[in-house]
Amino acid sequence: AVAADLKRLLKMRGVRTEFVYVHREQVDASSGLGFERYDPRIGEASGEISAFGETDPLGDLYLVERSGRLSRSDIHEGAQGSGIRLIGGRDVLRDGTLAPADRSSRWIAIEGDSEVLRLSENDLLVRAISNPNDSGGFVAARVDASSLPAAADRGVLVLRERSPLSDERRLVVSLLLGSSRA
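From a predicted model like this one, the values you see are computed outputs, not experimental measurements.

Right, let's get into the sheet that holds strand β1 (residues 62-65). Reading across the sheet, the 4 strands line up as β1-β9-β6-β7 and stay open at both edges, with antiparallel pairing between neighbours. Edge positions in the sheet fall to β1 and β7 (140-142), since each of these pairs with one other strand and no more. Taken pair by pair, the neighbouring strands of this sheet meet at an average axis angle of 25°, ignoring direction. Note: strand β6 (residues 124-127) against β7, 3 bridges, orientation antiparallel. By the bridge assignment for β7, Val126 is matched with Ala140. Each of β1, β6, β7 and β9 (156-161) is contacted by helix α4 (residues 167-177), which is oriented at about 5° to β6, the strand it contacts most.

Here it is in structure tokens:
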């Protein structure tokens, strides 16, 4: 099927099919030959996104952080524990919110120089593990003041703003992460 696709594609002068595409421009060897790098569909998606206006790489807007190793002896469960709430992947919901504390919530007492990553308002939490068959993009939620104090466990990636972003930019990033384009 792939060979037949390639033969048809060579006759069509550079269209993408299900399995193959032909890139007819000069490739800079130092940039690599990753399949996605020259995929016409990715180029089209980038063009669609740039039509909204100025774009910035996510790494320019956010610092990606992850909590250090946590001692199980410091973690306990319950609807209302002592210490601060520990937010994990299961607490980040598809609708962009954090699950409310319940009897399965985890809490941690933080003392001294702990490796626990304390959360701040406007941190964006993304589940560290995602389902590759889920076409809905990443599962992410923003931390608001009502969720604090809280800390992240290793089940989430914390995207912390490098400098304060406007509400509009926060919304665009959240929508993009939750889309199939992410």
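Peptide bonds are trans in most cases, and residues, glycine excluded, mostly fall at negative phi. With an omega of 0°, the peptide bond between Leu148 and Pro149 qualifies as cis. Here Pro149 lies in the loop between β7 and β8 (150-152). With a phi close to 75°, Asn122 is a non-glycine residue in the positive phi region. Note that Asn122 resides in the loop between β5 (117-118) and β6. For Asn122, a relative accessible area of 21% gives the class partly exposed.

Parameters at a glance
- Residues numbered from 1 in each chain as written.
- Predicted model: local features only at pLDDT ≥ 70, side-chain atom pairs only at ≥ 80, totals over all residues.
- Heavy atoms only, no water.
- Pairing = 2+ DSSP bridges.
- Helix = DSSP H or I, 4+ residues; strand = E, 2+ residues; numbered from the N terminus.
- Axes fitted to C-alpha atoms, helices over the stretch in contact; angles between N-to-C directions.
- Contact = heavy atoms within 4.5 Å.
- Buried < 20%, exposed > 50% of the residue type's maximum accessible area, 1.4 Å probe, protein only.

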